[in-house]
Amino acid sequence: MAAISSGGDNSIFQSKLVRYYGMFTLGFLALTVIILLLEVSVGLPQQLIAGIYMVLTFGLYAVIGVATRTKALDEYYVAGRSVPAVFNGMATGADWMSAASFISMAGTLWGIGYDGMAYIMGWTGGYVLLALLFAPYIRKFGQYTIPDFVGARFGSNSARVVAAVMAIIVSFTYVTAQVVGVGLVMQRVLGLDYGVGVILGLGGVLFCSFLGGMKAVTWTQVAQYVILIVAYLVPPIFMSIQLMGNPIPQIAYGQALSEINRLENEQNIAKKYIVPFNEPLSNAGAIAAINQANGFFGTKLGTPAPVAIPSATAPELGDWRNTPWDFLALTFCLMAGTAGLPHILIRFYTVPSIKESRRSVFWSLFFIFLLYVTAPSYAALSRLTILKNVVGLGLVKDKAANGREVTSVVGSDGKPLAWVTKMSSIGLMSINDANTDGKLQFSELTINNDLIVLSTPEIAGLPYTISALVAAGGLAAALSTADGLLVVIASSIAHDIYFKTVNPKAKPTTRMNLGKGMIVVAASLTALLALPQLALVAQMVAWAFSLAASTLFPIVLLGIFWKRANFQGAMAGMVGGLIATLWYLVNNYLNPANNIMGLSHLSSGIFGMIANFTLMIIVSLLTAPPPIAIQEMVDQLRNPVGEMSEGGEMIHQH
Amino acid sequence: MSKSKAEEYWRRNIRLIVILLVIWFLISYGAALIAPVLNNIVILGFPIGFWMASQGSLIGFVLLIYVYAKQMNKMDDEFHVSDTDVKLTKAEEKVKIRKN
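Residues numbered from 1 in each chain as written. Chains lettered and ligands numbered in written order. Predicted model: local features only at pLDDT ≥ 70, side-chain atom pairs only at ≥ 80, totals over all residues. Heavy atoms only, no water.

Caption draft 1: Quick peek at the pairing of strand β3 (residues 395-399) of chain A. Pairing of β3(A) with strand β4 (residues 405-409) of chain A involves five bridges; the strand directions are antiparallel. Residue pairing for β4(A): Lys397(A) is matched across the bridge by Thr407(A). (Pairing = 2+ DSSP bridges. Helix = DSSP H or I, 4+ residues; strand = E, 2+ residues; numbered from the N terminus.)

Laid out in structure tokens, this is it:
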């Protein structure tokens, strides 16, 4: 691993990396095949299989973390700026693809069909904005953090601190959701206690980011990418062969869509999978979240009256189905949020050059694309399995292993389906025979979104090894994202707030130790927030995109492309954007009757963006242009050659 | 780079960005707007409106970024802005960081 730290000759460095990670990929595939064969032939016990995967993957992350530990500041914050484009692409992919992408996304598509594609397009299309509008300039700027850029461009420490606080809020909600994801995987697939899972997972994250900062995180993420992509691709390939007789799920699922359409017509399912703009507005999520929080904290917060739009009793609230506005707004919020998320933006500080930064965004999206293009086929094949093989089966009461009696369905062998009984007994699905005909209708089935990816191997009757593989993949996705986020939180506090604002004379060792301390503090707070498993946390992740889109995205964009943008404009924009987003978000979340053009709270960032851009332009034009030094800095930023003057020197105290 | 050359470079950069963003808009938002119509066309089982949102636009995004990186890196060579220049900057940067 010594080669990783030295700049050295680029091509030798690259070919070494290719060899290391190539061997690792082949080894990982071979291991899976061997365990699979052992399970099928000699019946390797499930606990042992799960144990092997856990020990090997966590062991690997620990080895990489120790081998790349560092005391140099630029390695700790930006991996020494020596990560080649392809590998930065893989690391960005793992950094980006979180528990939400891996565990929940396909399940969401499973449930809402076309409307879920806002996530597929939003979380990939944002990379076009990142590539064209941000990455090369961020690399040219060449500092450590995004608040660094904001502080230097607008010549103000207060702008820097506001940006740092935004980065911390966004990253913190996001990291909490990752840790919840880790706990869920450990609990559901590996049978550990949720709390133990959370602590173990955080230990793994800490080990890596604490010792080696961005450098260790980057090289661990490359390995985690390999694990998560293998784990995500294997189950749909099996399902595709089983159901469609075609090993390429991304192509075979076209036929699956036609079948779904036919079965939905046959079974009189009103809400069609492929028909766009079908989602009603509702505050059921808010009511559930408040009730849950009341139960956990013993508070007595009032819940709003249930509202659903369209409503049979209140037709004056309108019907926004069949209008594209919410879908388009949500897609745009997710795209702009993607481009404005601090843990993704800082990845473009870690490449050696501007050219590499451009290539690196391409590779990032390419590696992300492999998972995202598979997710819709995952969802469609799962939906087809349920419509074709489960709906219409007879219902029966069954006693689960944990003693609970649940409604299950009778399989072809006349016995209750084991997975239905098990999932129902732990509350992940439920069957309610509404028309009491003793048979399962699609509308009588409620399934937790997270179940689709994690339990598909079991539903499809695949060996347990595949389940363990998927669990390892889900953990890799959640851990890699959490790693990147902890580095952002630590650097926002230690670098942006402490070193750049409070104590500019701080020694490098003090800054490093403060950064490490912050990682531990952030991780502990995360654990406390993750343990209650609040529904609100998942909601907050969706909101994080609206927050990033309405605060950081506009000011970084105008900072690069509009020389006239000044400090006053940026502050007015950030604060105004935040207020507009929160205002719409809270109002609509509690009562969806408060809406503009049928937009849900998930798309509230669109109003924040409008407010931010408008305020920033008007206030900038009404106040003095930025100083000459800053205008020259923008010129340097746009010119890929030559050196930046020190951003930090130009700061005027506001 | 001289001032006029820098302006020329920036103008061409902006033109490329605008062209690519128009395509970006059409394949994502444009296709979504007419998705109910596109869904009437079915190829290989895929209703095209659904396919554009789930796969077509994604393929487009990857290609857009590829074209941008390729064109801009070529333009950098044309304007004699090669990677070596930037590497020098990087070496200087490292020296600076140590001084800090």
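Caption draft 2: Examining the packing of aromatic side chains more closely. Residues and elements named next belong to chain A. Applying the stated rule across the entire model yields 41 aromatic pairs over all chains. Where tyrosine 137 meets phenylalanine 561, the ring centres are 5.6 Å apart and the plane angle is 80 degrees; that geometry is what we call edge-to-face. Here tyrosine 137 is found in helix α7 (residues 117-141), whereas its partner phenylalanine 561 is found in helix α21 (residues 535-561), with 424 residues between them in sequence. Following the ring pairs from residue to residue traces out a cluster consisting of Trp96, Tyr119, Trp123, Tyr127, Tyr174 and Phe545. Taking NZ or CZ as reference, arginine 383 lies 5.8 Å from the ring centre of tryptophan 110, over its face. Across from the ring centre of phenylalanine 499, 3.5 Å away, lies the NZ or CZ of arginine 511, which sits over that ring. (Phe/Tyr/Trp six-rings, centres within 6.5 Å; stacked < 30°, edge-to-face > 60°. Lys NZ or Arg CZ within 6 Å of the ring centre and 35° of its normal.)

Caption draft 3: Quick look at the confidence of the model for chain B. Across chain B, the average pLDDT comes to 85, with 80% of residues at or above 70. Across chain B, the element-wise mean pLDDT spans from 49 in helix α4 (residues 83-99) of chain B up to 96 in strand β2 (residues 46-47) of chain B. (pLDDT = per-residue confidence, 0-100.)

Caption draft 4: Highlighting the nonpolar core. Residues and elements named next belong to chain A. Counting 245 residues, the largest nonpolar core has Trp96, Phe102, Phe134 and Tyr372 as the members making the most contacts within it. The residue makeup of this core includes at least three contributed by each of domain 1 (19-245 + 328-380 + 464-650) and domain 2 (381-455). When residues no more than four places from it in sequence are discounted, the contact partners of phenylalanine 102 are Leu228, Ala231, Tyr232, Leu371, Val453, Val470, Gly473, Gly474 and Ala477. (Core = buried A, V, L, I, M, F, W, Y, C linked by side-chain atoms within 4.5 Å. Buried < 20%, exposed > 50% of the residue type's maximum accessible area, 1.4 Å probe, protein only. Domains from an automatic or database assignment. Contact = heavy atoms within 4.5 Å.)

Caption draft 5: Main features of the domain arrangement of chain A. Residues and elements named next belong to chain A. Entries for chain A in the domain assignment read domain 1 (19-245 + 328-380 + 464-650) and domain 2 (381-455). A separation of 36 Å is found between the C-alpha centroids of domain 1 and domain 2. Taken residue by residue, the interface counts 23 residues in domain 1 and 16 residues in domain 2. Of the roughly 1,900 Å² buried between domain 1 and domain 2 on both sides combined, carbon and sulfur atoms contribute 64%. (Buried area = accessible area lost by both parts, 1.4 Å probe.)

Caption draft 6: Structural detail: the interface of chain B and chain A. Taken together, the 52 residues of chain B in the interface contact 63 residues of chain A. Together, the buried faces of chain B and chain A total about 5,200 Å²; carbon and sulfur atoms form 69% of this surface. If you sort the residues of chain B by the area they bury against chain A, Trp10(B), Phe50(B) and Ile65(B) come out on top, with a joint share of 13%. On the surface where chain B and chain A come into contact, there are two salt bridges. One salt bridge in this structure joins Lys355(A) and Asp77(B), with 2.6 Å as the shortest N-O distance. Summed over the shared surface of chain B and chain A, the result is 12 residue pairs in polar contact (both at pLDDT 80 or more). Listed by contribution, the elements that provide at least two residues to the side of chain B that touches chain A are α1 (3-33), α2 (35-38), β2, α3 (48-78) and α4 of chain B. Of all the elements, α3(B) adds the most residues to the side of chain B that touches chain A, at 19 residues. The residue inventory of the side of chain B that touches chain A, partitioned by class, reads 31 nonpolar, 11 polar and 10 charged. (Salt bridge = Lys/Arg side-chain N within 4 Å of Asp/Glu carboxyl O. Polar contact = N/O pair within 3.5 Å; in protein donor to acceptor, adjacent residues only side chain to side chain. Nonpolar A, V, L, I, M, F, W, Y, C, P; charged D, E, K, R; others polar.)

Caption draft 7: Representation of a nonpolar patch on the surface within the structure. Taken together, the side chains of Trp320(A), Trp325(A), Ile596(A), Met597(A), Leu33(B), Ile34(B) and Val37(B) make up a nonpolar region of the molecular surface, amounting to roughly 630 Å² of accessible area. The residue Leu33(B) is located in helix α1 in this model. What makes Leu33(B) partly exposed here is its relative accessible area of 40%. (Patch = residues over 30% accessible without salt bridge, like charges linked within 9 Å, V, L, I, M, F, W, Y side chains within 5 Å. Areas by Shrake-Rupley, 256 points an atom, 1.4 Å probe, with all protein chains shown as cover.)

Caption draft 8: Fine view of the side chain of Asp115(A). Residues and elements named next belong to chain A. Tracing the backbone through its elements, the reader meets aspartate 115 in the loop between α6 (99-112) and α7. Buried charged residue aspartate 115 carries no salt bridge. Nearest counter-charge: lysine 271, at 5.4 Å. In terms of polar contacts, aspartate 115 uses its side chain to reach the backbone amide nitrogen of glutamate 279, at 3.2 Å. Beyond its immediate chain neighbours, meaning those up to four positions away, aspartate 115 contacts Pro276, Phe277, Asn278, Glu279 and Phe327. (Lys, Arg positive; Asp, Glu negative; His and termini not counted.)

Caption draft 9: Fine view of the pairing of β4(A). Of all the five residues making up β4(A), four are buried; the element is thus mostly covered by neighbouring parts of the structure. Connecting the antiparallel pair β3(A) and β4(A) is a turn made up of five residues, with Gly403(A) showing a positive phi of about 90 degrees.

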